[in-house]
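Fold and geometry: a report
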Amino acid sequence: MTKKVSGGYNGKILRVDLSANTIATEVIDELFCRKYLGGAGFVTYFLWKELQSGIDPLSPDNKLVFALGPLTGGPLPGGGRNCVGAKSPLTGGIAKSEVGGFWGAELKRAGFDAVIIEGISPKPVYLWVHDGEVTIRDAGHLWGKNTKETQASIRAELEDDKVRVASIGPGGENLVKYACIMNGLYDAVGRGGLGAVMGSKKLKAVVVKGHKAPKIADPERVKALRQWLQANMQLVQNFREFGTGAAMEVYETVGNLPVRNFRDGLFPGVKNIDAPTIKNTIRIRMDACFGCPIRCKKVVQVEEPYAVDPAYGGPEYETLAALGSNCGIDNLKAIAKGNELCNAYSLDTISAGSVIAFAMECFEKGLLSSQDTNGIELRFGNDEVIPKLIELIARREGIGDFLAEGVARMAQKIGRGSEEFGIQVKGLEAGMHEPRLKPGLGLGFMVNPHGADHECNLHDTLYVGGRPLEELKPLGILEPVPVDDIGPRKVGLFRLVQLVKIVFDSLVVCEFFPYNPEQLADATAAVTGWDTGVLEQLRVAERILTMARLFNIREGFSAADDRLPRRFFQSTNDGALADKPLDPAKMEKAKSYYYTLMGWDATTGIPTPEKLEELDLI
Ligand code: SF4
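Here the structure is a predicted model, which is why all the values come from computation and not from measurement.

Turning our attention to the packing of aromatic side chains. In the structure shown here, the tally under the stated rule is 18 aromatic pairs. With a centroid separation of 5.8 Å and 40 degrees between ring planes, the pair formed by F32 and F46 is classed as tilted. Highlighted residues: F32 in helix α1 (residues 30-36) and F46 in helix α2 (residues 39-50), separated in sequence by 14 residues. Judged by its relative accessible area of 12%, F32 is buried. The class for F46 is buried, based on a relative accessible area of 6%.

Structure, rendered in C-alpha cells:
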C-alpha cells in the first residue's frame, strides 16, 4: 500500500491535455517524492518516462512540465522557485531550467506539486489554476502581446492584481528556438527554448492563485534554520548590495569575462557596465523573489536615448556579459534596453547575446555580408544593433529569422569554419564564464545533459579556500583544489558539486543562499518529516542525472556530443588567457574519469546495467 505524502507536498499533479481539452488530477505518494524529490527530479522523471524518442519538440507529442519542490513556498527563505522542462527545440535533448519570482510559491498554495501540459490547443489559451480549480480560458485577445500587456490584461480580466502569471511574449509565439517563459516580468525560465514549446502549444500563460500551504512537519526545526540565516546575512552581503555582476572588473583581470564571442580577454569598458556602476547610475531600487531577505534583483530605469521600463527589472550578470562584453559593447543603457526587450518578448538573454556575438564575428570575418543582415553593420561594439536585432529575432523578421535558430544551426548553415567559434555545446549557447580559466566548468559544459549550462556546474575559482570549500569538508573535500587542475581530484570535486546543485534544483532552492549540503538535508527533513540525510539526497541527484543521460541517449546523443567548441582549445587574443588554451587530451581524460565515477561506461558514457539497477532505474 502506498503511503501518503506528509509535509511540504500537496501530493497532487495536474495534467492538462490541450488537444483533448481535458484536465485531470493525479496523486503522488511518499516513495515517489523521496525518489525524485521535486523540481528538476520531477521534470526529468516525467520526460524520461512519458516522452517517445524522436518526437518533434514543437509537436503535440512534447510535454511541458512545471514542477515544485518540498521547500517551494514554505517558510524557509530561498524557496520561491520552480523548475520547468521539456524536450528542447534548441538542443533536441532534455531541457530544464529553474526560475525565481512568486509563481512557484503560488502554485503550491493553489494545491499542486507539478503541472504537465500535453498536446496542442487549436487556438490560443491560458490556464487558470486557483485553489484546486482549473479552467482553460481563451487567449485569442492576448496573442501577439508582450509579457507586461499579457499580465495586465489577465489581472484585469480576473479582477485580481495579485494572481501570478507565467507567460510568453512574441518570441515564444514565433517559436524562437531559445524563447523563454517569464514568471512575472523579470524572472526567466531562461534556457533551452521552453518558451517555444509553450508557444507551439498555443499556451499564452499559466496563471495561479492559492491560499492553502501544505503543512510543515517540524516548524521549530525550520525556525532554527531561519535564525541561522538571519545571524549570517553577512555571507550574502554582496548580493544584497549589488545583485549579480559586482565582480566583473575582477573577472576581466583574471580571465573569466567573455569578450567578443570569447575571442578576446581585455575589455577596458567593463567598468561602465558592472553592478556598482548600475547602482550609481540607472538603478532605482532592489527587489526580491517570494520570501527572500537577500533582495538581489536590480530594477533600473532609463529615460534616454532608450526608454527602459522599470517594470522589467534590470540586467543580471549573465545579461551584462552576453549583451555587453561578449558583443564588445560597454553602453549600459543599450544593454538595459536589450534586457527589457528580451523580458518583454520572452527571449533568453544568454542565447540572444551569444547569437548576436557569433553573428558579429561572422560579419567581421566576411562570412555574413550586409546583404545577409539587411544592411545592419554587425560589428563588435555597435550598440545600436542590440535593440534592433532583438526586435527582429522576436518577430522572426529579416536577419532575425536566421538568428532565431541559435548558434549551432546558424554555424551549420554558414559553414566555412564558423563551427569552431560557435560557442555552444549540444546546441545550448554557453553561460558567461570561461572554461579556459575554469577547466572544471569546461568539463561541466561538456557533460551537462542540457548543454553548456553555468548554473548546474563547478566554478573552479571558488574552491581554493573560503566558505564554499568549508561547506564540502563533511563530504571529504579537505584541501583546496587548484583552479587550473583538471585531474581526478578536480573531476571528483566537479561531480560532487554537480550533485549538490541538482539537490538545490530539485528542492527547488535559490543557489545564492549559503546553505551547505547538511542544511539542505536538514531543511528537507524538517519540512517533510522524513528521516533523511545528505547521502540520500546525493543518491537522488545521481538518479536524476542518470535519467537525463538516458533521455539524451534515447535521442541519439553519444560521448561525441560531450565536447567543447574548438575556440576553447586556443588562447584568447589578449588578456589573462592569452597563453592558456585548454588541453584537449586532458579534457577527454577528465570526461572519461567522470563517466567512471558516475557508473557509466568510461568510453561511451552509457550508464552500466549495474548502475541502473542500483539507482532503481530498471
Ligand atoms: S537571492 Fe535573489 S534570485 Fe535568490 S531568491 Fe533572493 S531575490 Fe531571488
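Time to look at the sheet that holds strand β7 (residues 125-130). Sheet strands pair via backbone hydrogen bonds, and the direction of the pair is either parallel or antiparallel. If you walk across this open sheet you meet the six strands as β8-β7-β12-β9-β10-β11, and the pairing is mixed. Taken across any chain shown, the strands that pair with only one partner, and hence form the sheet edges, are β8 (133-138) and β11 (187-189). Averaged over all adjacent pairs, the angle separating strand axes in this sheet is 20 degrees, with direction ignored. Relative to β11, strand β10 (residues 181-183) is paired through three bridges, and the arrangement is antiparallel. The residue bridging M182 from the neighbouring strand is A188, located in β11. Strands in contact with helix α3 (residues 103-110) are β7, β9 (164-167), β10 and β12 (203-209); relative to β12, the strand with the most contacts, it is inclined by about 65 degrees.

Turning to the sheet that holds strand β4 (residues 82-87), a few remarks are in order. The strand order across the open sheet built from six strands is β2-β1-β6-β3-β4-β5, with neighbouring strands paired in mixed fashion. This sheet does not close on itself; its edge strands, each paired only once, are β2 (22-27) and β5 (94-99). Looking at each pair of strands side by side, their axes are set apart by 15 degrees on average, direction ignored. Bridge count for strand β3 (residues 64-67) against β4 is three bridges, and the pairing is antiparallel. What sits directly across from V65, in β4, is G85.

Cis geometry marks the peptide bond from E304 to P305; its omega dihedral reads 0 degrees. Summarising the element assignment, P305 is placed in the loop between β14 (297-300) and α11 (317-322). Residue V508 is bonded to the preceding L507 through a cis peptide linkage, with omega at -20 degrees. Here V508 shows up in the loop between α19 (488-507) and α20 (517-528). Residue N261 is not a glycine yet carries a positive backbone phi of 55 degrees. Checked against the element boundaries, N261 lands in the loop between α9 (248-254) and α10 (275-280). Given the relative accessible area of 1%, N261 is considered buried. You will see that K426, though not glycine, has its phi angle at about 60 degrees, which is positive. When you line up the elements, K426 lands in the loop between β15 (424-425) and β16 (428-429). A relative accessible area of 13% places K426 in the buried class.

Turning to the packing of helix α21 (residues 534-554) against helix α22 (residues 584-598), a few remarks are in order. In a pair of packed helices, the angle between the axes and the distance between the axes together describe the arrangement. Between α21 and α22, the least distance of the axes is 12 Å, while the angle of their chain directions is 120 degrees. Viewed along their axes, α21 and α22 adopt a mutual orientation that is oblique. Of the residues in α22, those in contact with E542, L545, T546 and R549 of α21 are Y594, Y595 and M598. Of the residues that constitute the contact of α21 with α22, the class distribution is four nonpolar, one polar and two charged.

Where strand β1 (residues 12-17) and β2 come together, six bridges link them in antiparallel fashion. Across the sheet, residue K12 finds its bridge partner in β2, namely V27.

The rules we used
- Each chain carries its own residue numbering, running from 1 in the direction its sequence is written.
- Per-residue local features are limited, in this predicted model, to residues with pLDDT of at least 70; the limit for side-chain atom pairs, both in listing and counting, is 80 or more; totals at the level of whole chains, interfaces and linings are taken over all residues.
- Hydrogens are left out, water is left out, and the side-chain values use all remaining heavy atoms of the structure.
- Any two of the Phe, Tyr and Trp rings considered here, Trp counted by its six-membered ring, make a pair once their centres fall within 6.5 Å; the pair's planes then place it as stacked at under 30 degrees, edge-to-face at over 60, or tilted in between.
- Secondary structure elements are taken from DSSP: a helix is a run of H or I of four residues or more, a strand is a run of E of two residues or more, and numbering for both begins at the N terminus.
- Exposure classes here rest on a 1.4 Å probe applied to the protein chains alone. A residue is buried below 20% of its type maximum, exposed above 50%, and partly exposed in between.
- A strand pair is defined by DSSP finding two or more bridges across the two strands.
- A fitted line through C-alpha atoms represents every axis, and for helices the fit uses only the stretch in contact; the resulting angles, taken between N-to-C directions, go from 0 to 180 degrees.
- Contacts are residue-level and defined by heavy atoms, with any inter-residue pair within 4.5 Å sufficient.
- Under this scheme an angle from 65 to 115 degrees is roughly perpendicular, one under 35 degrees roughly parallel, and one over 145 degrees roughly antiparallel; angles in between are oblique.
- Residue polarity is assigned by list, with Asp, Glu, Lys and Arg as charged and Ala, Val, Leu, Ile, Met, Phe, Trp, Tyr, Cys and Pro as nonpolar; anything else, Gly included, falls into the polar class.

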